[in-house]
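A structural walkthrough
Each chain, written out:
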Amino acid sequence: MSLRNPILAALFSTFTFSLSYAASPRIDDLSTNSAAIAGEITIFGDDFLPDSAVVLVGGMPAPVLSGNVGYLRVRVPGGGLPGPVFVIEDGKVAASSKYFDPRPSGPGTLTNNFAERELSRKAAFLPLGAVADFDQDGQSDVVVARQNSLEIFHNESSDGLLTSNSFSSVSFPLGTAPFSLVIGDLNGDGKPDLIYTQGDTLVARQNQITDTGIGPESFLFPVVLQPRNVFRPLHIADADHDGRPDILAANPSAGILVFLNRSVGATFKRTDFTNTFVIRSNSGLSSKGVLDFDVADLNQDGHPDIAAVIGTNLVLFALQDESGQLRTNFISSFVLGPARAGLIEYAPGALAVADLNGDGIPDLVVSEPGNIVAYLNHSRPDHFDASSFERFVLVSSGYNFFLVGDFDGDGRMELLVENRMIFKIHSGDGQLISNTGRDCILLQSDLSAVALGDLNNDNRTDIVGLRRTEPLSFVVLQNLGVPSPPRLVLHQSGVRRTLSVTGQPMSTFHLQTSADLIHWQTTADLRLTMGGEMNYIDPNSEPKTFFRLVQ
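Computed from a predicted structure; not experimentally measured.

Observations regarding the overall build of the protein
Helix and strand counts for the protein stand at two helices and 45 strands. A compact globule built from 551 residues should have a C-alpha radius of gyration of about 24 Å, and the protein, at 25 Å, falls within 12% of that. Seen through its C-alpha atoms, the protein measures out along the principal axes to roughly 85 × 50 × 45 Å. Out of the 551 residues in the protein, the part that is buried amounts to 56%. Accessible surface, the protein: about 22200 Å² in total, of which carbon and sulfur atoms supply 52%.

The structure is reproduced here in structure tokens:
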């Protein structure tokens, strides 16, 4: 995600349109790693077409304000999540090596104040889904799997207001239950397509939406790309560096499979993905036995790399071929450390790529026996081995599954662990800082998280998932971004008084009492749990007592 010379590239902006049109766009660098809604960033690179380029920031369309062949100045949209920036032109897709975090308009507070919005009570939902703006209307939609269909919930909210009535749904029937799902633009038209497996069959459906709204005809007929032996997870990346996103999939008995994208024109077909490549390094290290993997440009050389859990190890494969094809001689590898993959079907991953310290370079988070650890990435194009990563224990526990997101909107990541706890990751001067007990809050929801996304365009990360208690339903937890106001409730049982206190997790209040509402005295100091609650039994038996909380 390396900087060539953006100034030199800009000098050649007078080249003819026909020459620029034939080339693939290339992103070299970003002017900043994070900015708030409506802020501006500059994308440096080459072969840009400002009048026709589609730019995605955080997965959402970003208006192009100005530019030439060497740069694009764009406005940060709402609805995005941290990740690479994409530029799409004439069927070719370029991704930034650096990660960008689109922040909300104001700093947030890490809080468990999430509002539950129920979307559906249909039966047989599976904890498998994704968030994307399918109709390019500037609002994130949701796709989730059921035993016999894919359900897409079209986001029709307005003015940042999100309710259970903000979504309409359309169902796409399936012959067998899906096992994995990913969203990506395979034909370079700027529209996210559906790629999924039915059992072990790899299928893609092309997005053909031409207006806002989603209906039964919004996606073309399913194209079977591979009839067997394709398993989870799936990822989309330009593995061979030709400007066309490829499909990467796991097959434990064979390894990491790359279905090379050879599509030309507006519509892709089965024969466009018949060339496959199995990841194996020039040292002979195979990807056979892969349990989980993710893709990112870890050494900032402009080529995607692969972090994979193979057996009990975290293994990195560096893809370095610039020929427009994949060749084993140009793939190096090394073992980074121990790892433990998820063993539960459809569970969230135990491996993730995210920028943890705000330097724009993607880092790694992985579950290993007893810990969730981070590997801070200090790699460079000319220095990419185990010594270029710094191991840091994020959570010391037996937790396994997690999702990574910026829940408080401060430009730094947090961990959603086991669907119920959010751990804050502190960093300073590019380094991680040890956690304390105050860095974790408990979600007041019995939810199996399916995906993360911003569904009301405030650039605060919301949670999409399945409620695990009755009534079973598919819901969105809207991140309100502000602490719950403190609340004090009195429960009287005979002469015994119990006070229930709720508010911001881990906050401290002074409980004060008065007999006349004029003279107050502090009775106790109350510290709320990481779930933002506690009960206090009043030891006094005065019949007339008033209570209040003071912070």
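Focus: the environment of Leu480
Looking at the element boundaries, Leu480 is found in the loop between β39 (474–479) and β40 (487–493). Considering only alpha carbons, one finds Leu480 and Val366, 114 residues apart in sequence, at a separation of 28 Å. Apart from residues lying up to four places away in sequence, Leu480 is in contact with Asn113, Ala115 and Arg460.

A closer look at the sheet that holds strand β14 (residues 167–173)
Hydrogen bonds between backbone groups are what pair the strands of a sheet, and the pairing can be parallel or antiparallel. Read from one edge of the open sheet, four strands run β11-β12-β13-β14, paired in antiparallel fashion. Strands at the two margins of the open sheet, each flanked by one partner only, are β11 (125–132) and β14. Strand-to-strand twist of the sheet, defined as the mean angle between neighbouring strand axes without regard to direction, takes the value 20 degrees. With five bridges joining them, β11 and strand β12 (residues 141–146) adopt antiparallel strand pairing. Among the inter-strand pairings, Phe125 is bridged to a residue of β12, identified as Arg146.

Topic: the side chain of Asp305
Along the polypeptide, Asp305 turns up in strand β24 (residues 305–310). Residue classification places Asp305 among the buried residues on the basis of a relative accessible area of 0%. Here the side chain of Asp305 touches Leu298 through a polar contact of 2.8 Å, landing on its backbone nitrogen. Not counting chain neighbours up to four residues away, the residues in contact with Asp305 comprise Asp294, Val295, Ala296, Asp297, Leu298, Asn299, Phe317, Ala318, Leu319 and Phe384.

Considerations on the packing of aromatic side chains
A complete count under the given rule lists nine aromatic pairs for this structure. For the ring pair Phe334 and Phe389, a centre distance of 6.5 Å and an interplane angle of 45 degrees mean the geometry is tilted. In this pair, Phe334 sits in strand β26 (residues 331–338) while Phe389 sits in strand β30 (residues 389–396), placing the two residues 55 residues apart along the sequence. With respect to burial, Phe334 and Phe389 carry one shared label: buried. One aromatic cluster in this structure is built from Phe125, Phe153 and Phe474. The side chain of Arg146 reaches across the aromatic face of Phe125, ending 5.7 Å from its centre.

Structural notes on the pattern of salt bridges
Tallied over the entire structure, the rule returns 19 salt bridges. The salt bridge involving Glu151 is made with Lys122; its shortest N-O contact spans 3.2 Å. You can see Glu151 sitting in strand β13 (residues 149–155) and its partner Lys122 sitting in the loop between β10 (114–120) and β11, a full 29 residues away along the chain. A relative accessible area of 1% means that Glu151 is categorised as buried. On the accessibility criterion, Lys122 (37% relative accessible area) is partly exposed. One salt bridge connects Glu368 with Arg391, and the closest N-O pair in it is separated by 2.3 Å. One end of the pair, Glu368, is in strand β28 (residues 363–368); the other, Arg391, is in strand β30, with 23 residues separating them in the sequence. Residue Glu368 is classed as buried on the basis of its relative accessible area of 4%. What makes Arg391 partly exposed here is its relative accessible area of 42%. Salt bridges sharing partners connect three or more residues here, namely Glu116, Glu118, Arg121 and Arg467.

What about the sheet that holds strand β38 (residues 462–467)?
One open sheet accounts for four strands, arranged β10-β39-β38-β37; its pairing is antiparallel. Of all strands in the sheet, those with a lone pairing partner are β10 and β37 (447–453), marking the two edges. The mean angle between the axes of side-by-side strands here comes to 30 degrees, regardless of whether they run parallel or antiparallel. Bridge analysis of β37 against β38 gives six bridges, and the strand direction is antiparallel. Among the inter-strand pairings, Leu447 is bridged to a residue of β38, identified as Arg467.

With respect to the side chain of Glu89
Relative to the elements of secondary structure, Glu89 occurs in strand β8 (residues 83–89). Of the side chains bearing the opposite charge, Lys92 lies closest to the buried Glu89, which forms no salt bridge; the N-O distance is 9.9 Å. Side-chain polar atoms of Glu89 contact the backbone nitrogen of Leu49, separated by 2.6 Å. Filtering out sequence-adjacent residues up to four positions away, Glu89 remains in contact with Pro25, Asp47, Phe48, Leu49 and Ala53.

Describing unusual backbone geometry
The amide bond that connects Arg232 to the next residue, Pro233, takes the cis arrangement and shows omega of -5 degrees. With respect to the helices and strands, Pro233 occurs in strand β19 (residues 231–237). You will see that Asp90, though not glycine, has its phi angle at about 50 degrees, which is positive. Relative to the helices and strands, Asp90 is located in the loop between β8 and β9 (92–103). Non-glycine residue Gln136 carries a positive phi angle of around 55 degrees. Within the fold, Gln136 resides in the loop between β11 and β12. For Gln136, a relative accessible area of 28% translates into the label partly exposed.

Examining the environment of Ser158
Looking at the element boundaries, Ser158 is found in the loop between β13 and β14. What makes Ser158 partly exposed here is its relative accessible area of 44%. Residues Ser158 and Gln139, 19 residues apart in the sequence, show an inter-C-alpha distance of 9.1 Å.

The rules we used
- Counting starts from 1 at the beginning of each chain's written sequence and moves along it residue by residue.
- Side-chain atom pairs in this predicted model are given and counted only at pLDDT of 80 or more, local residue features only at pLDDT of at least 70, and totals for whole chains, interfaces and linings cover all residues.
- Side-chain metrics in this entry use all non-hydrogen atoms of the structure; hydrogen atoms and water are not considered.
- Strands are runs of DSSP state E lasting at least 2 residues, helices are runs of H or I lasting at least 4, and numbering of each runs from the N terminus.
- Note that the radius of gyration is over C-alpha atoms, with the globule rule given as 2.2 Å times the number of residues to the power 0.38.
- A simple rule labels every residue: compare its accessible area, found with a 1.4 Å probe on the protein chains alone, to the largest value its type can have, and call it buried under 20%, exposed over 50%, or partly exposed in between.
- Here the accessible surface of atoms and residues is derived via Shrake-Rupley with a 1.4 Å probe, and residues count as covered only by protein chains that are part of the display.
- By definition, residues are in contact when any of their heavy atoms lie within 4.5 Å.
- Each pair of strands is called paired provided DSSP finds at least two bridges between the two strands.
- Every angle, taken between N-to-C directions, lies between 0 and 180 degrees, and every axis is a line fitted to C-alpha atoms, over only the stretch in contact when it is a helix.
- In protein, a polar contact means a hydrogen-donor-capable atom and an acceptor-capable atom, both N or O and within 3.5 Å, with residues adjacent in sequence counting only if both atoms are side-chain atoms; elsewhere, any N or O pair within 3.5 Å suffices.
- Paired rings are identified among Phe, Tyr and Trp, the last through its six-membered ring, by centres lying within 6.5 Å, and are further divided according to the angle between planes into stacked (under 30 degrees), edge-to-face (over 60) and tilted (the rest).
- Note on criteria: charge over ring means Lys NZ or Arg CZ within 6 Å of the ring centre, with the direction from the centre no more than 35 degrees off the ring normal.
- Take a side-chain nitrogen of Lys or Arg and a carboxyl oxygen of Asp or Glu: if they are within 4 Å of each other, that pair is a salt bridge.
- The charged-residue count follows a simple rule in which Lys and Arg add positive charge and Asp and Glu add negative charge, with His and chain termini not counted at all.

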